[in-house]
Amino acid sequence: MLEIRKSEDRGVAEHGWLSSRHSFSFGSYHDPAHTGFGPLLVINEDRVQAGRGFGKHGHCNMEIISYVLEGKLAHADSMGNGSAIGYGDVQRMSAGTGVMHSEYNHSPDQTVHFLQIWIEPNRTGIDPGYEEKHFAPAEKKGRLRLIASPDGEQGSVLIHQNARIYASILNADPAVTHELANGRAGYVHVAKGAVTVNGQQLQAGDALKITDEKSVVLEN
C-alpha cells in the first residue's frame, strides 16, 4: 500500500524568524489523520532566519535527529555539548530522563534550512545522550547511506528504536532498491528536487508511506 503526503498539505507555522512545515501533528497543528507513522512522530522542515533560533527548552524520552540542508545550526545542551552542524552532518540527541538545549543560527546573513525528526524510543528513562557525525555527499551519491540505526551499523548514529534512517542523493543514477523484510514499513521524505518512488512521482516536501510492499524503489 502506498500513501502520498503532499508538501502543500503539511501543517504550516510562520513566526517571522521561523518558517516551518509539519509532516505530522506538532505544536498548534493537529491533524488526526497524521499523528505519526509507527515510532516516527515528527518530521519538521524548518528555516531559521539569520541571527535567530530556538531558546533553551526541554525534552524527555525522545530520539531527536537533525539533518542540515543549508547553513549552520548551533546546538548547546545541559549535557555540556556545544557545536555547529552543517550540510552532511547528522545530529542525534537522546532526551531520555530529560535534557535542556537550544538551537541557533549565528550567521549574520544566511538562513539555516534543516529537517528535524523525532522518533519514539523503545525504552524510556535512559540517560540523555548526544552524537553527531558527518556523511560526505559522495557516500550518498547513487545509493542509500545508513545514517541512523539501533546498533550504530556502518558508522551511523545510534538511536534507541528498531528503525533505520537512510539518506541518498540521486541525479542521473540507476534505480536504488531497498528490500523490506516481512512486516516492515518504509517512509520516504523528499528533501530537495524530485524522485519517483515505487512508481509515484514526488516533489520536494512530499512523502510516501509504504506498507505491505516487498521493497522501496527510488528512481530519478
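Preceding block: the structure.
This report concerns the structure included in the present document. The structure presented is a predicted model; accordingly, all values stated were derived computationally and were not measured.

**As for the environment of Q116**
Okay, so step 1: Relative to the assigned elements, Q116 resides in strand β11 (residues 112-119).
Okay, so step 2: Sequence-wise, Q116 and E45 are 71 residues apart; in three dimensions their C-alpha atoms are separated by 6.6 Å.
Okay, so step 3: Dropping the residues within four chain positions of it, Q116 is found in contact with V42, I43, N44, I64, I65, S66 and E103.
Okay, so step 4: Here W118 takes part through its side chain, which lies 3.1 Å from a polar atom of the side chain of Q116.

**Brief notes about the pairing of strand β7 (residues 73-77)**
Okay, so step 1: The element β7 is extensively covered by neighbouring structure, given that 4 of its 5 residues are classed as buried.
Okay, so step 2: Taken together, β7 and the strand that follows it, strand β8 (residues 82-85), pair antiparallel across an intervening segment of 4 residues, in which G80 is found at a positive phi of about 100 degrees.
Okay, so step 3: Relative to strand β10 (residues 99-104), β7 runs antiparallel, the two sharing 4 bridges. Bridging from a neighbouring strand, D77 pairs with H101 of β10.

**Digging into the sheet that holds strand β14 (residues 157-158)**
Okay, so step 1: Spatial ordering of the open sheet is given by β14-β13-β15, a layout of 3 strands whose pairing is mixed. For this open sheet the edge positions go to β14 and β15 (165-167), each flanked by a neighbour on one side alone.
Okay, so step 2: Of the pairings in the sheet, the one linking strand β13 (residues 145-149) to β15 comprises 3 bridges and is antiparallel in character. Looking across to β15, one finds that L146 is bridged to Y166.

**Here's the deal with the environment of L41**
Okay, so step 1: Along the chain, L41 turns up in strand β4 (residues 40-48).
Okay, so step 2: Residue class for L41 comes out partly exposed when judged on its relative accessible area of 23%.
Okay, so step 3: Through-space distance from the C-alpha of L41 to that of S25 is 8.1 Å; in sequence the pair is 16 residues apart.
Okay, so step 4: Residue contacts for L41: discarding those within four places in its chain leaves F24, S25, T35, G36, M62, W118 and E120.

**Things to note about the nonpolar core**
Okay, so step 1: Grouped together as the largest cluster of nonpolar side chains are 21 residues, with contacts concentrated most on L40, I65, Y67, V90, I119, I147 and Y187.
Okay, so step 2: Where this core is concerned, the elements lending two or more residues are β4, β6 (63-70), β11, β13 and β15.
Okay, so step 3: In this view, Y187 contacts S23, F24, F37, L40, I43, A207, L208 and K209; residues no more than four positions away in its chain are not counted.
Okay, so step 4: The next biggest cluster of nonpolar side chains, apart from the first, holds 12 residues, and it includes L170, L202, L208 and I210.

**Concerning the pattern of salt bridges**
Okay, so step 1: Evaluated as defined, the whole model comprises 10 salt bridges.
Okay, so step 2: E45 is the salt-bridge partner of R47, the closest N and O atoms lying 3.4 Å from each other.
Okay, so step 3: The partly exposed category is assigned to R47, whose relative accessible area is 35%.
Okay, so step 4: Note that E153 and R164 form a salt bridge whose closest N and O atoms lie 3.9 Å from each other. Linking E153 in the loop between β13 and β14 with R164 in the loop between β14 and β15, this pair joins segments that are 11 residues apart in sequence.
Okay, so step 5: The partly exposed category is assigned to R164, whose relative accessible area is 33%.
Okay, so step 6: A network of salt bridges, in which partner residues are shared, links R10, E45 and R47.

How each quantity is defined
- Residues numbered from 1 in each chain as written.
- Predicted model: local features only at pLDDT ≥ 70, side-chain atom pairs only at ≥ 80, totals over all residues.
- Heavy atoms only, no water.
- Helix = DSSP H or I, 4+ residues; strand = E, 2+ residues; numbered from the N terminus.
- Contact = heavy atoms within 4.5 Å.
- Polar contact = N/O pair within 3.5 Å; in protein donor to acceptor, adjacent residues only side chain to side chain.
- Buried < 20%, exposed > 50% of the residue type's maximum accessible area, 1.4 Å probe, protein only.
- Pairing = 2+ DSSP bridges.
- Core = buried A, V, L, I, M, F, W, Y, C linked by side-chain atoms within 4.5 Å.
- Salt bridge = Lys/Arg side-chain N within 4 Å of Asp/Glu carboxyl O.

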